[in-house]
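Descriptive structure summary
Spelled out, the chains give:
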Amino acid sequence: MRHVQRFQGQGYMTEALAGISGWNFTQGGIKAVLAETEKDCLASHRTLPKNNFQAVQEQNNMIWWRLSKKAFKS
């Protein structure tokens, strides 16, 4: 797992999420991007809000997130 840890905290996932979200919004008719995380996945809970995702629902061990096209910042 050491090979993965050296990339943590570098912002790569934040940048990748912004890129894939932006690409999604260039596709016709896409109004929102949704994400689903486990409640104990704290890294995702930091990354998603950095890209303007809002937590919209919690159930059992899961959290659902939403990024509207209007909230997306390229």
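Computed from a prediction, not measured in an experiment: that's the story for all the values here.

Criteria and cut-off values
Residues numbered from 1 in each chain as written. Predicted model: local features only at pLDDT ≥ 70, side-chain atom pairs only at ≥ 80, totals over all residues. Heavy atoms only, no water. Helix = DSSP H or I, 4+ residues; strand = E, 2+ residues; numbered from the N terminus. Buried < 20%, exposed > 50% of the residue type's maximum accessible area, 1.4 Å probe, protein only. Contact = heavy atoms within 4.5 Å. Areas by Shrake-Rupley, 256 points an atom, 1.4 Å probe, with all protein chains shown as cover. Pairing = 2+ DSSP bridges. Axes fitted to C-alpha atoms, helices over the stretch in contact; angles between N-to-C directions.

Thoughts on the overall build of the protein chain
A count of helical and extended segments in the protein chain gives three helices and three strands. Listing each helix as α and each strand as β along the protein chain from the N terminus yields α-α-β-α-β-β. Among the 74 residues that make up the protein chain, the fraction classed as buried is 24%. A separation threshold of at least 6 residues defines the contact pool for the protein chain, and within that pool the share at least 24 residues apart is 49%. Looking at the protein chain as shown, the accessible area adds up to about 5,700 Å², and 52% of this sits on carbon and sulfur atoms.

Regarding the sheet that holds strand β1 (residues 32-38)
Taken together, the three strands give an open sheet; going across it, the order is β1-β3-β2, and neighbouring strands pair in antiparallel fashion. The outermost strands of the open sheet, each flanked by one partner alone, are β1 and β2 (54-59). The sheet shows a mean angle of 25° between the axes of neighbouring strands, direction not considered. Relative to strand β3 (residues 62-68), β1 runs antiparallel, the two being bridged by seven bridges.

Quick notes on helix α3 (residues 42-50)
Within α3, the full set of buried residues consists of His45, Thr47 and Leu48. In the core, the buried residues of α3 are packed alongside α2 (12-26), β1 and β3. Positive phi shows up at Asn52, right after α3, with a value of about 70°.

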